[in-house]
Every structure is written in structure tokens, then in C-alpha cells.
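Coordinates in review
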Protein chains: 2
Amino acid sequence: MSPLFKYYRTMATYELEHPEIADVTLTDVLFALSDPARLEIVREVAAGPLDMAACGATNPDLPKSTKSHLMKVLREAGIVRNVPNGRGRLVSLRKDELDARFPGLLDSVLGA
Amino acid sequence: MSPLFKYYRTMATYELEHPEIADVTLTDVLFALSDPARLEIVREVAAGPLDMAACGATNPDLPKSTKSHLMKVLREAGIVRNVPNGRGRLVSLRKDELDARFPGLLDSVLGA
DNA sequence: GTGAAGGTTCCAATCTTTTCGAACCAACCG
DNA sequence: CGGTTGGTTCGAAAAGATTGGAACCTTCAC
């Protein structure tokens, strides 16, 4: 086992875990969307997949650990997908899946 | 001034404050709905106005101070209206107002 | 190589929510 | 009047969320 093992799961290039859409709960989704900073990220990503480095344009000097945490909450709630992409990560909205699971929810939140 | 003054604003028969619908924020609404116990109350009330004593049927032995607090969060978020009614209080969903302010939101949450 | 950019985890401090007993009052019933 | 029911506030304890620095790793550019 490599001496780097400890970091295998933390490297930006490795896969992070995403919940199955069937396991996503309504209350977790609502909670994740109930924070202004997280909701803002969702709005940005709703326009199309975005490099993580690029999103958060409205919050330019958000510390990276904070941004990483906000993203984790969105990912664990099942709202975004976050995949390795070169040196960084690409974030996308799980729109089709969410629309199937909670019809109309995302549109009404984003439309508000 | 009456010695009872201290309690004028807390008596079950007096009016509680409700936010104007225009002042209700999306994130406060989402947050209030993100708790399972609160969401359950909203589902019960969605069928029609309910005596506070009657709602919470699913949580029969919830302490009253806890129930009062859950209700307060819902009221302050602008989701329910809570008016004096005889010895108790009547709770109702602010459905029309919420539908106008956040079209489709309530239906998608309740439909989920 | 070396260096910078991008991103994660760990940890600790702080702040916010949650929970529930206690004290209290009004309304109703006998 | 005296007891019960319904419901609020206050206060304190416990649990959870947020924030940001530090340490660390990779990939890319030079």
C-alpha cells in the first residue's frame, strides 16, 4: 500500500460519494437549499455544469475550505454531482433525477 | 398597569405576530420545512385548519413547549397562521399567500 | 525540478437549533 | 371557587451547523 494511501480518498482527482437518488430525502434537500450561500451555488450551476473554481463568483473571497464544505452538503443531499475534471472538479445539478424524485420542486425553488 | 401585564403578550388568547407575506423569505420557508416534525404538522394542516391541540396526532406525547416552539418556527417563517380560538388556537396554512409568493413550491413539497 | 492552482480533510471555535421542564395565565366546567 | 385543559415564555443543557486556518495531495505550466 502506497504511503499516499491516507490521501487517496481526499484527492481532488478521486471520486466522491453520491447518494442514490432513491435514497435522497425531501428534508435533506430542503435543508441544503435553505442556506443562502448554498442556494446561490445551486442557481449558478442550474445554468449548466461549472468548474468548482468558477462557481461562487458572487462570493469571490470565500475560503476554500468553506466552499468545499458547502459543496459537500449539496452533494450529500443529492443536489449536485461533483466529478474529477483535470486538476479540479466539475459540478453539475442532478436536475433530471431530482425532477423525477420530487416533481416541480427544483423549478419552483429556482423560479422564486 | 395590571400586574398581569407581563403576560399580556403571551396569553393563548392574544394575537401572535405574523410576517407580511412580502417579507417572507425563500430560505426561511425552506428551513422551516426541512425538519420532519414541522413538515408533518404542515401536512396535517394542509387538509384544513386544525386546533393546535388536535394537530400533532402523529406525535402524541410531544411536550407542549416543544410543540409550541415548532409552531413558532412555522409561523415566523410565514407558513402557518395561528389565531386565538376560544380556549386554544387555530392553526391554518397560508396557502394562497404562499402560492402567490412562491408559485408551485408548497404543492411540490406536499406532493413529494 | 520548482512553483502555483485547485481542492480535500482535520480540528477547534463559535454560533444556532433543538429539547424540555418550570412558571404562568386564560378559558371553561363543575 | 377550584381544577383541568390549552398554550406561551424563559432558561439552560445538549446537539448540530458554520467557519476558517493548517496540512496535505495532484495536476499543470514553465
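Up top you'll find the structure we're talking about.
Here goes a summary of the coordinates provided. (Residues numbered from 1 in each chain as written. Chains lettered and ligands numbered in written order. Predicted model: local features only at pLDDT ≥ 70, side-chain atom pairs only at ≥ 80, totals over all residues. Heavy atoms only, no water.)

Comments concerning the sheet that holds strand S2 (residues 80-85) of chain A
Residues and elements named next belong to chain A. As a reminder of what qualifies: The pairing criterion for strands is at least two bridges between them, as found by DSSP. For the purposes of this entry, the term helix denotes a DSSP run of H or I that reaches at least four residues, the term strand denotes a run of E that reaches at least two, and both are numbered from the N terminus. Whether two residues are in contact is decided by their heavy atoms: any pair within 4.5 Å suffices. Here, axes are lines fitted to C-alpha atoms. For helices the fit covers the stretch in contact, and angles between N-to-C directions go from 0 to 180 degrees.
Pairing in this open sheet of 3 strands is antiparallel, and the strands run S1-S3-S2 from one edge to the other. On the outer flanks of this sheet lie strand S1 (50-51) and S2, each paired with one strand and no other. One ladder, built from 6 bridges, connects S2 with strand S3 (residues 88-93); its direction is antiparallel. Directly across from arginine 81, in S3, lies its bridge partner serine 92. Strand contacts of helix H4 (residues 64-76): S2 and S3, with the helix running at about 120° to S2, the strand carrying the most contacts.

Focus on the packing of helix H2 (residues 26-33) of chain A against helix H2 (residues 26-33) of chain B
Basically, it comes down to this: Put simply, angles under 35 degrees are roughly parallel, angles over 145 are roughly antiparallel, angles from 65 to 115 are roughly perpendicular, and the rest are oblique. In this scheme the handedness of a crossing depends on how the near helix is turned from the far one: anticlockwise by less than a right angle means left-handed, clockwise means right-handed. Polar here means any residue outside two lists: the nonpolar Ala, Val, Leu, Ile, Met, Phe, Trp, Tyr, Cys and Pro, and the charged Asp, Glu, Lys and Arg; Gly therefore counts as polar.
Relative orientation of the contacting elements H2(A) and H2(B) amounts to 150°, with a least axis distance of 8 Å. On the basis of the axis angle, H2(A) is roughly antiparallel to H2(B). As H2(A) packs across H2(B), the resulting crossing turns out to be left-handed. Seen from H2(A), the contacting residues are Thr27(A), Leu30(A), Phe31(A) and Leu33(A); seen from H2(B), they are Thr27(B), Leu30(B), Phe31(B) and Leu33(B). A breakdown of the residues in the contact of H2(A) with H2(B) according to their chemical character gives 6 nonpolar, 2 polar and no charged.

Structural notes on the relation of the copies chain B and chain A
Two copies of a chain can be linked by a rotation about an axis combined with a shift along that same axis. Going by this rule: C-alpha atoms of residues with pLDDT of at least 70 in both copies form the basis for the least-squares superposition of the copies.
Rotating chain B by 180° and translating it 0.0 Å along the rotation axis places it on chain A, where the RMSD comes to 0.0 Å. Viewed as a symmetry operation, the transformation between the two copies matches a two-fold axis. Taken together, the interface assignments show that 100% of the residues at the interface of chain B recur at the interface of chain A, consistent with an identical surface on both copies.

A short note on the interface of chain B and chain A
Interfaces are often described in size by the accessible area the parts lose on coming together. Test applied: Summed over both partners, the accessible area (1.4 Å probe) lost when two parts come together is defined as the buried area. When a carboxyl oxygen of Asp or Glu is within 4 Å of a side-chain nitrogen of Lys or Arg, the pair counts as a salt bridge. Residues adjacent in sequence count toward polar contacts only when both atoms are side-chain atoms; beyond that, a polar contact is any pair of N or O atoms within 3.5 Å, and within protein one must be able to donate a hydrogen and the other to accept it.
Facing 17 residues of chain B, the contacting portion of chain A comprises 17 residues. When chain B packs against chain A, close to 1200 Å² is buried across both sides, 81% of that on carbon and sulfur atoms. Along the contact surface separating chain B from chain A lie 0 salt bridges. Here chain B and chain A share 0 residue pairs in polar contact (both at pLDDT 80 or more) between them. The set of elements that each furnish at least two residues to the side of chain B that touches chain A consists of H2, helix H3 (36-46) and helix H6 (105-111) of chain B. Here the side of chain B that touches chain A gets 5 residues from one element, more than from any other, and that element is H2(B). Of the residues assigned to the side of chain B that touches chain A, the class counts are 11 nonpolar, 4 polar and 2 charged.

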